Each structure stands twice: as C-alpha cells, then as structure tokens.
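# Geometric and topological summary
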Amino acid sequence: MQEQWVEQTVYQRPESLSKNPTHYCPGCTHGLIHKLIGEVIDELAIRERTIAVAPVGCSVLLYNYFELDSAEAAHGRAPAMATGLKRVQPDKIVFTYQGDGDLASIGIAEIMWAAIRGENITTFFINNAIYGMTGGQMAPTSLPGQVTGSSPLGRDVEMTGMPIQMAEILAGLPGTTYAVRRSVHDIRTIKDAKKAIRTAFRVQMAGAGFSFIEFLSSCPTNWGLTPSRALDWIRQNMVPYYPLGDYKVADIVKELR
Amino acid sequence: MAKELLKGNVAIAEAAIRAGVQAYFGYPITPQTELLEHMSLRMPQLGRVFLQAESELAAINMVYGAASAGVRVMTSSSGPGFSLMQEGLSYIACSEVPVVLVDIMRGGPGLGNIQPTQADYNQLTKSAGHGDFRSIVLAPSTVQEAIDLTVLAFDLAEKYRTIVIVAGDGMIGQMMEPAELPAMHALRSARPDWALTGAKGRQKNVISSLRLNADNLEDVNKRLQAKINRIRAAEARYEQVLTDDAEILIVAFGTTARIAKTAIREARRQGIPAGLLRPITLFPFPNAPFKELSVGSQQAKGVKAILVVEMSAGQMVEDVQLAVQGRLPVRFYGRTGGAVPLPDEILDQILMLAHRMDEAPTSGESFAMAA
C-alpha cells in the first residue's frame, strides 16, 4: 500500500521577526530572547500595534530584527522615550529592550521613574554581567571578582559596590505591577521565560501598569567561554547571585491568568 | 479676540495650546516655571498629555518619543536644563522629528542666577548638541511676539521636520503685557506617514539616528545640510527701525532690542541718526540686510558704524561681523550675569561712537563691556 506523505508546518519564523540575519555573536542569547518576544507578539496578535524601543548596546540594531514600528533611544533613555510614545497613544503596546549598562547604570533614573509612575509599558532587561558592545568592560551587574576589560584584576566590590539586582529593586516600587527574573540557559528556563513575556504583555494590554522581566543572558565572546560553557556559567555563577523567580506579581496579574 | 494682560511664560504656553500642542513634558526651572504650571492645568482639562518628568534629560526623551508618534509636542526650560536636553536634541535632529522647545534664558555659566541673559545664543544657534546640525531659533522681543512666534514654531518644525527653539529670556518670560492670543486650532488627528503608530497594513517605520556605515551617515548629513540651507534661504526674519537714514546701526535682539529702541529715540532727539536692525530669527541669521547696507563715509550718506548690544559677553556680534565682512567697524556693548542694560548705557555708547566719527573714521572693531 502506498504511504501518504503530508507536509505539515510545525514551526516557522514568527511574523514579528524579520528575515535579517543578526549580528549577535555565536552563542549569545539575545537572539533567543528576540525569538521568544516575537513568538509571543504573534500569539497575542499585537504586532500591528506594538512599538519597540531599542537601547544603546549590543541590541542597538533590534529594529532590524523585529517587523515592528521601532525607535532607537539614546543610551539609557529608552523608558523615557517609551513614556512619550505610550502617553500620546495609550492604545499601542510599547516595550523597551535594554542591556545592563543601558538600564542599570546610565539609565537608572529613567527606569526607576518609569516604574515609579507605573508607566504602562513593558521592559525587557538583558543582564549578561558585562558591557558587550564596547568589548567587555565592567557592568553594574558584573559579579564580585569578575575579570573584565575595566576590572582586569577582578571586580573589587570595596571600590565599586556590589552588583545591582534590578528585579528586586523595581519590585519594591508601588508602580510596578509585574517584576520577575528569568534565564534562558536550558529548555526549562526558556519555557518559563516565554510564559513571563506573555504575562508582561498581558499586563500592559490590560492597562495594569509597569511590567518588567530581567533575563540572565550569556556573552560567550566577552566572557571568553564557548557557547555551552557560557550557559553553564549563567547557571553556576549568575543564578546564585541573581535568583530566578517572581519578585512582584500584583493581584491584578493573577486575575489575568 | 481682545487683548488681555498676560505674563510671557503663560502667553507662550497658551499660544502653544491654541496652536494644537498635544503633549508637553517638562521639568520646573526658574524663570520658565509658569509655562509648565500653565500646561499642568490646561492640558489635562483639554484631554491632552502633560507630564512632569524626573529631569530635563527624561523630558527631552519623552518629547522625542511623542514626536516619533507624530504628534505636536513641546518642552521648555532654561540654561541648566537646556544643557541637559542637548543629548536628546542631537538624536532628534538626526532623526528629523519635529519638536518645539522654549528656552527662557537665565544668567550663567553654571547655576548662575535667575535674571535675564542672552548668553545661550551660541548654544542655541551653533550647537544645541553633538554633531552637525542647526535648529531654527526665534527670538521674541514682546509678549505678543512670543505668542506669534510660538505658533509659527510649530508650523516651521513640521514644515522642515526640525527643532524650533523659541528663545526668550527672564524678562520676556516674567513680564506682563497686553497681548492677543490666537483662536483655538483644531487638533490634528492624522499622523504623518513616518510616525510610529504600529505597522498596520504597511511596512514598519523606524526612527533612529544610528548609521553604522560612513557613506550612509554622510548621506544623512548631506540631507540635513541641504535642509538647513533651505531654511537659511527661506526663513530669515528681522525688523528694521529707522534704518533708512541711520548712520549708527544698532543690532540687538529680544529684550535688548526693546531697550535699544528707547536709546535710539533719545539719540535722535539729540540729532544723532541711529537705527535698529533686530534679528527675529537668530538662526538662520539675517545676513541679507547687512549685505544691502549702504556704507557711509565722511562724504557719503549711509551707515558708518555698527553697535551690537547683547546681554552676553559678545556672541551674536560674531555673526554680525561675518555678515558685515569687514566693511564697517563693529563695536560691542554687553552686560552679563543677569544684568540688563539701561537705555542710558546704550545711549552713551551711541554718543561715544558719534563723537569718534566726528573726529576720524573708526577702523577695526572695538569691544566694550560695562565696568
């Protein structure tokens, strides 16, 4: 008997992602997080009303990878720019995508105040414990003792203070509706990360306030590790200092689920 | 509409509202705060956006965001705050989104004081941020003109997709005068085709100032410079007062020009033919009237000397010198640090110039600051 072969699409590039190849280094998890965001935007059918605000840093070219109306903000100012975009068109979905230097160092005032105001935007924070684009200098999230281009003897916390824990800090602000930390170093954490992205957008779609996800992300190039060793490094070194979990889930978020 | 007694800052705010500003983002700073206060009451009443930002840095980036959405948007500040806005202005200039900004200048440098000055001239006209760009700079000298130029600012900003700065000073901002406000414009509902409104049924729009390739960025610069040249050719504005027979030509803008008018009246009473050329656009600087000046001499009628008066150590004077191209002596008189020149001080300078012209032709330039 002749066997019937039927072709069936089981996976395809999300409509929200562009066909452009990315400039990200091999093994960097920016691309993976882009993909998750693109999938969720498709699933929620919000592509045609979503506006992305790119940072300065490795993901500065984010607008080349998303099929979304996009703005490229000044270093650290994405939450302010997103505030302007959202306040004049509250029916749109506006998100910022920022690295650790952009958000937690030069842009600390802008992210704090977006959260304090309960700005109805979503922020994806990519914490890879290093300045990637400038070639591997110390970030506000670099771990104690971490060797970088500007801490060649290892981060001296006596001099620079301890790494900043943004999910915990923003969770402490009344304007924050949703603040969680996720990772993307294995299948389970990737699945959890995607669920959180969905929740964060749904918070915004409900007009429920500021939603924030911190992602632990790898930087094999500047950490000097292979892609798979870099994923191990997240699990072994970052997760203990930056525990994964939900830091603020306001009651209204539970109603959305 | 009838005239009403209006404070400069309030008049500018209300003029912007009537011109259809849809969003205002700002941070309090003296001497412009009444502008922000007026917005904080009126904008929500009208269902429009007002937000007091955490800093001028945030305010200008909120403006950048709202402008990227294609709505009429503005902010206002004074020197120290304006300096913080320079980062955003550079991005805005490169991205070519229309933005209106009001700078009510105060004494500097540094924290300075809250008295009037014109010492932001170079910052506003030459380089309101890093990289090559210019902004249109409008300098009102009365509350009425502040209203009219604010309305014009929005039209010019959209016409050229550029930054337009209304440059007042502490005097213009704080002074009350009778003035007439325009009628309320209808809010524009359509958005420009480049605006970030969500990529519905069209290709995505991107607002960015990043061009990694040198050739691409040079192309952007060429386009910006071509636009700036169109602005230079079409938008220079100025006022001339008693210039037909003037032998001494005073060049001053804003508050200083008003004071100069009083000095000129008194000089004429004393038989000295003085006149005023008042740039209304500081950028583009009005070069044409300087080219058209008839240069006088002991034999021929015409302008024999130029006196530039500013509330600064001498900034616009350099543009005057460039416009005059050495054909006439250019003398400068300035007050700084928030000091406002009295008519008599300017009159003294006119008398000194007139006296010297009687003795011998002046040559070169001389500069004077008040002792």
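Since we're looking at a predicted model, the values are computed, not measured. (Residues numbered from 1 in each chain as written. Chains lettered and ligands numbered in written order. Predicted model: local features only at pLDDT ≥ 70, side-chain atom pairs only at ≥ 80, totals over all residues. Heavy atoms only, no water.)

Let us look at the sheet that holds strand S3 (residues 93-99) of chain A. Note: strands within a sheet are paired through backbone hydrogen bonds, in either parallel or antiparallel orientation. Pairing is mixed in the open sheet, where eight strands are placed in the order S7(A)-S5(A)-S6(A)-S4(A)-S3(A)-S1(A)-S2(A)-S9(B). Pairing within the sheet leaves two strands with one partner each, and these edge strands are strand S7 (245-249) of chain A together with strand S9 (206-207) of chain B. Here S3 of chain A runs beside strand S4 (residues 122-127) of chain A; their pairing, made up of five bridges, is parallel. The residue of S4 of chain A that forms the bridge with Gln98 of chain A is Phe125 of chain A. (Pairing = 2+ DSSP bridges. Helix = DSSP H or I, 4+ residues; strand = E, 2+ residues; numbered from the N terminus.)

Here we take up the layout of surface pockets. All names here are of chain B. Space inside the largest pocket adds up to approximately 460 Å³. In terms of lining, the largest pocket is formed by 23 residues, of which the most central are Cys94, His130, Ser209, Leu210 and Leu217. Those elements that place two or more of their residues in the lining of the largest pocket are helix H4 (79-95) and helix H8 (214-234). (1 Å grid on protein atoms, 1.4 Å probe; cavity = no way out; pocket = protein on both sides within 12 Å on 5 of 7 lines; lining within 4 Å. Points joined across faces, edges and corners; volume = space filled by probe spheres on them.)

For the rest of this paragraph, the subject is the nonpolar core. Counting residues in each nonpolar core, the largest one holds 126 residues, and the members touching the most others are Phe25, Met39, Met74, Phe290, Ile306 and Val320 of chain B. A domain split of this core shows at least three residues from each of domain 1 (4-195 + 206-234) and domain 2 (240-369) of chain B. For Met74 of chain B, the residues in contact, after removing those within four places along its chain, are Ala16, Val21, Ala23, Tyr24, Phe25, Leu35, Met39, Val63, Val100, Val102 and Phe154 of chain B. By size, the runner-up hydrophobic cluster in this structure holds 39 residues, among which are Leu17, Val60, Ala196 and Val203 of chain A. (Core = buried A, V, L, I, M, F, W, Y, C linked by side-chain atoms within 4.5 Å. Buried < 20%, exposed > 50% of the residue type's maximum accessible area, 1.4 Å probe, protein only. Domains from an automatic or database assignment. Contact = heavy atoms within 4.5 Å.)

It is worth spelling out the pattern of salt bridges at this point. All names here are of chain B. Under the criterion given, the structure shown has 39 salt bridges over all chains. Lys159 is the partner of Glu235 in a salt bridge, and the nearest nitrogen-oxygen pair spans 3.3 Å. In this pair, Glu235 is assigned in the loop between H8 and strand S10 (238-241) and Lys159 in helix H6 (residues 143-160), connecting sequence segments 76 residues apart. Residue Arg335 is joined to Glu345 by a salt bridge in which the shortest nitrogen-to-oxygen separation is 2.9 Å. One end of the pair, Arg335, is in the loop between strand S15 (330-334) and helix H12 (343-359); the other, Glu345, is in helix H12, and 10 residues separate them in sequence. For Glu345, a relative accessible area of 14% translates into the label buried. (Salt bridge = Lys/Arg side-chain N within 4 Å of Asp/Glu carboxyl O.)

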